[in-house]
Amino acid sequence: MPLPEPIITLTAALAKLPGVGPRSAERIALHLVQAETAQVKHLAETILMARERIRFCETCGGLTEKSPCATCTDDRRDAAIVCVVERAVDILSIEKSGAFRGKFHVLGGKISPLDGVEPDDLRIGDLEKRLAAEPIKEIIIALGTDVEGDATSSYLAKRLARAGLKISRIGFGLPAGSGLEFADELTLDRALEGRREMH
Ligand SMILES: [Zn+2]
């Protein structure tokens, strides 16, 4: 007997989620169609509510309910240092390490001509505006150590170079080819300590 169509549709939708393979998707779908209606309704409403309330901070590009976000408006953080990351979730990785007390800037990707990602597709212009408006003395580039991460870091170091601005990069302590999500707290801590100035 084939699975009823609504279960197949639900399984297909769940399988699109990150980290959910076809088997897990089917298991979750089968669980949901047998669960209390109120419980499923609560889950659906929670997902929708989270999606509707979360947006990107206009300043740093991080995930927030309110823009500018709490990190951007926190006076106890060092406004002179900005850590540049690829994705909003990378901020969460660095925050978990507790090793960084400056501000952040999300690029929204890495330069990758093969995938059609050009510098104009990234939030580099926004970063230049911040350099003009904020008391930034150092940029720490924290992109992955893959080919695109290297190329993007070099591009940024050249484009952002200006008098009185130090530009450094971490990533040397991170496993080669990995994104920040794979870095444990100690590794990130060490990477930040050992950041190297780019020329
Ligand atoms: Zn922000």
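Reading the values: rules and limits
- Residues numbered from 1 in each chain as written.
- Predicted model: local features only at pLDDT ≥ 70, side-chain atom pairs only at ≥ 80, totals over all residues.
- Heavy atoms only, no water.
- Pairing = 2+ DSSP bridges.
- Helix = DSSP H or I, 4+ residues; strand = E, 2+ residues; numbered from the N terminus.
- Donors = N, O, S within 2.8 Å, 3.2 Å for Na, K, Ca; no water.
- Tetrahedral: all angles 85-135°; square planar, octahedral: opposite > 155°, others 65-115°.
- Buried < 20%, exposed > 50% of the residue type's maximum accessible area, 1.4 Å probe, protein only.
- Contact = heavy atoms within 4.5 Å.
- Axes fitted to C-alpha atoms, helices over the stretch in contact; angles between N-to-C directions.
- Polar contact = N/O pair within 3.5 Å; in protein donor to acceptor, adjacent residues only side chain to side chain.
- Salt bridge = Lys/Arg side-chain N within 4 Å of Asp/Glu carboxyl O.
- Patch = residues over 30% accessible without salt bridge, like charges linked within 9 Å, V, L, I, M, F, W, Y side chains within 5 Å.
- Areas by Shrake-Rupley, 256 points an atom, 1.4 Å probe, with all protein chains shown as cover.
- Expected span 1.5 Å × (residues − 1).
- Arc of directions from axis to C-beta.

(A) A look at the pairing of strand β6 (residues 166–169). With four bridges connecting them, strand β5 (residues 138–141) and β6 associate as parallel partners. Of the residues in β6, the one forming a bridge with Ile141 is Arg169. Note that β6 and strand β7 (residues 196–197) share two bridges and pair antiparallel. Counterpart to Ser168 in the pairing with β7 is Glu197.

(B) Representation of the coordination of the zinc ion within the structure. Distances from the zinc ion to its protein donors, Cys57 (SG), Cys60 (SG), Cys69 (SG) and Cys72 (SG), fall at 2.3 Å. One can describe the site at the zinc ion as tetrahedral: its four donor atoms subtend angles covering 105 to 117° at the metal. Considered as a linear motif, the donors of the zinc ion on their single chain read C-x2-C-x8-C-x2-C. On the criterion of sequence distance, the pair formed by Cys60 in the loop between β1 (55–56) and β2 (63–64) and Cys72 in the loop between β2 and β3 (78–85) is long-range, its members being twelve residues apart. Residue classification places Cys60 among the buried residues on the basis of a relative accessible area of 3%.

(C) Up close: the sheet that holds strand β4 (residues 102–106). Strand order in the open sheet made by the five strands is β4-β3-β5-β6-β7, with mixed pairing throughout. Looking at the sheet topology across the chains shown, the edges are occupied by β4 and β7. Against the sheet, helix α4 (residues 88–97) touches β3 and β4, its axis set at about 155° to β4. Against the sheet, helix α5 (residues 124–133) makes contact with β3, β4 and β5, and its axis sits at roughly 150° relative to β4, the strand it touches most.

(D) Representation of the side chain of Glu138 within the structure. Assignment of secondary structure puts Glu138 in strand β5. Side chain to side chain, Glu138 and Ser168 meet in a polar contact 2.9 Å long. Residues in contact with Glu138, not counting those within four places in the same chain, are Ala80, Ile81, Val82, Leu165, Lys166, Ser168 and Arg195.

(E) Structural context of the environment of Val82. Mapped onto the secondary structure, Val82 falls in strand β3. A relative accessible area of 0% places Val82 in the buried class. Counting along the chain gives 42 residues from Val82 to Ile124, while the straight-line C-alpha distance between them is 13 Å. The contact partners of Val82, leaving out residues within four places of it in the chain, are Phe100, Lys103, Phe104, His105, Leu127, Arg130, Ile136, Glu138, Ile139 and Ile140.

(F) Summary view of the pattern of salt bridges. Scanning the model with the defined rule gives eleven salt bridges in all. Overlapping salt bridges bring together Glu86, Lys110 and Asp146 as one network.

(G) Up close: the environment of Phe104. As for its placement among the helices and strands, Phe104 is situated in strand β4. Sequence separation of Phe104 and Val85 is 19 residues, and the distance between their C-alpha atoms is 7.4 Å. Apart from the residues lying within four places of it in its own chain, the contact partners of Phe104 are Cys60, Thr71, Arg77, Val82, Cys83, Ile91, Ile94, Glu95 and Arg130.

(H) A nonpolar patch on the surface, seen in detail. On the surface, a cluster of nonpolar side chains totalling about 460 Å² of accessible area is made up of Ile54, Phe56, Leu63, Val89 and Leu92. For Leu63, the position within the fold is in strand β2. On the basis of relative accessibility, which here comes to 46%, the residue Leu63 falls in the partly exposed class.

(I) How the structure looks around helix α6 (residues 147–160). The first and last C-alpha atoms of α6 sit 20 Å apart over 14 residues, in line with the 20 Å expected at 1.5 Å per residue. In the core, the buried residues of α6 are packed alongside β3, α5, β5 and β6.

(J) Spatial organisation of helix α2 (residues 22–32). Of the residues making up α2, those classed as buried are Ala25, Ala29 and Leu32. Taken end-on, α2 shows its buried residues confined to a sector of 65°, consistent with a single buried face. Exposed side of α2, more than 90 degrees from the buried face: Arg23 and Arg27 are the residues found there. Buried residues along α2 sit in contact with α1 (5–14) and α3 (37–53).

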